Amino acid sequence: AETEGGSGDGRAGRRLPPHSPSGLMLQTVEMHTGGEPLRIIPRLEAVEEAVTARGLSLLSLRREMAATQDHIRRALMHEPRGHAGMYGAVVVRGSAAAAGADLAALFLHGAGYSAMCGHAVMALGRFALDYGLVVAPSCPETAVHLRCPCGPVTAFVPWDGHRSGNPVRFHSVPAFAAATDVAIDVPGHGKVVIDIGYGGTFYAFLSADQLGLDVHSSKTRDLVSAASMVTEAVKKQFKLHHPESEDLAFLYGTILTDGKDAFSEKPTTNICVFADEQVDRSPTGSGVTARIALQYHKGLIRLNQTRTFRSSTTGSLFTGKAVKATRFGDYNAVIVEVSGEAYYSGTATFTVEEEDSLKHGFCFK
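Residues numbered from 1 in each chain as written. Predicted model: local features only at pLDDT ≥ 70, side-chain atom pairs only at ≥ 80, totals over all residues. Heavy atoms only, no water.

## What about the overall build of the protein chain?
Now for step 1: A tally of regular secondary structure across the protein chain gives six helices and 18 strands.
Now for step 2: Scaling as 2.2 N^0.38, a compact globule of 365 residues should have a C-alpha radius of gyration of about 21 Å, and the protein chain matches this with 21 Å.
Now for step 3: Taken over 365 residues, the protein chain has a buried fraction of 54%.
Now for step 4: Summarising the internal contacts of the protein chain: among those between residues at least 6 apart in sequence, 64% fall at separations of at least 24.
Now for step 5: Across the protein chain, 35 positive and 38 negative side-chain charges occur, with their mean positions spaced 3 Å apart. (Helix = DSSP H or I, 4+ residues; strand = E, 2+ residues; numbered from the N terminus. Rg over C-alpha atoms; globule rule 2.2 N^0.38 Å. Buried < 20%, exposed > 50% of the residue type's maximum accessible area, 1.4 Å probe, protein only. Contact = heavy atoms within 4.5 Å. Lys, Arg positive; Asp, Glu negative; His and termini not counted. Charge placed at Lys NZ, Arg CZ, Asp CG, Glu CD.)

## A few points about the nonpolar core
Now for step 1: Among the nonpolar cores identified, the biggest contains 90 residues, and Phe107, Val121, Leu124, Val144, Ile194 and Leu256 are the most heavily contacted of them.
Now for step 2: Both domains that meet at this core, namely domain 1 (24–167 + 344–350) and domain 2 (173–340), each give it at least three residues.
Now for step 3: Dropping the residues within four chain positions of it, Leu124 is found in contact with Leu38, Ile40, Ala89, Val91, Ala105, Phe107 and Leu146.
Now for step 4: Of all hydrophobic cores here, the second largest spans 22 residues; its members include Val47, Val51, Met77 and Val92. (Core = buried A, V, L, I, M, F, W, Y, C linked by side-chain atoms within 4.5 Å. Domains from an automatic or database assignment.)

## Overview of a negative patch on the surface
Now for step 1: Together, Glu353, Glu354, Glu355 and Asp356 make up a region of like negative charge exposed at the surface.
Now for step 2: Turning to its location among the elements, Asp356 is positioned in the segment after β18 (342–351). (Patch = residues over 30% accessible without salt bridge, like charges linked within 9 Å, V, L, I, M, F, W, Y side chains within 5 Å. Areas by Shrake-Rupley, 256 points an atom, 1.4 Å probe, with all protein chains shown as cover. Salt bridge = Lys/Arg side-chain N within 4 Å of Asp/Glu carboxyl O.)

## Concerning the packing of helix α2 (residues 58–68) against helix α3 (residues 70–77)
Now for step 1: Following both chains from N to C, one finds α2 and α3 inclined at 80 degrees, their axes separated by 5 Å at the closest point. It follows that α2 is roughly perpendicular to α3 by the angle criterion. Judged by residue contacts, Met65, Ala66 and Thr68 of α2 engage Asp70, His71 and Ile72 from α3. (Axes fitted to C-alpha atoms, helices over the stretch in contact; angles between N-to-C directions. Parallel < 35°, antiparallel > 145°, perpendicular 65-115°, else oblique.)

## Focus: α3
Now for step 1: Judged by how many residues are buried, α3 sits mostly within the fold: six of eight residues are covered.
Now for step 2: Burial in α3 covers these residues: Asp70, Ile72, Arg73, Ala75, Leu76 and Met77.

## Points about unusual backbone geometry
Now for step 1: Of note, the bond from Cys139 into Pro140 is cis; its omega dihedral lies within 30 degrees of zero at 0 degrees.
Now for step 2: The step from Asn166 to Pro167 runs through a cis peptide bond, and the omega angle for that step is -5 degrees.
Now for step 3: Here Pro167 lies in the loop between β7 (151–158) and β8 (168–171).
Now for step 4: Even without glycine at this site, Ala275 takes up a positive phi of about 50 degrees.

Quick look at the structure:
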């Protein structure tokens, strides 16, 4: 915005906010999918230059950004510009994206970098169309090819020739059951039985009632604390393996469910707690992917049976179904389709003044 009026002191018409000549100015597009925010950085030249100059893979680029550009993640995800539940994506486009992809993305959160994010894929599908990253979009639906650190995914986005729409669906990387019915000792709760599913990243799953809780009625703080204890216990007691890269062999979080895993037309509710006790406001796209893979592995659903998943935090809904059986390394896997609604909430210009002692953000719990 510009200042109004003529004060006579030379400030009329000056654009705000002022910023240090050497300080950062970051422009973003703000979206949410099912209530989960996505702060999109449309272009970060330092990242694309690293790809072009050194031919880095997206996983290598993820490490590079963590090592050299992490101040940008902290500035945009943490307070005072972000908050404890903020999530972001850096768009990598053009020749730096990867052969056959319309764009690539790095996923950011309060504690670091993810390998996959379903809610972000749905939002980025709309963003790619509306911001001209797809060369020849088609009506009534356009396939948007994205490359994520975990591999290629495809979003299918409604397109009327002028703007994108909803719902958006995407096809995942191969998803699989990494382990089922594993007994884990959780401090304060004793033995619980978990499943571990992969949907672009690994999650532990268990019904909340094993922890004496209910995803519908328990306090979110209690659910978060219990899920975080499960995550830490699994990390110590179970070793993960990824068929392609050990960079992907990490537990991202724990998803507590209502225990309703058998096929039903009625929604099943869950809450996802990931990274450093961050709570997903949506049903979690990669979590739905992993949960569908587990249900298919256990014979609880068949191919093309659609299930509805509800977030216990906002009540928002995603649908998911296994659309194709495949193999991924030594695992029997499935390609999962997840569908949801992504919306724009605004655009922003963020500045960083060099004199600011809190310029790169802070965390407060």
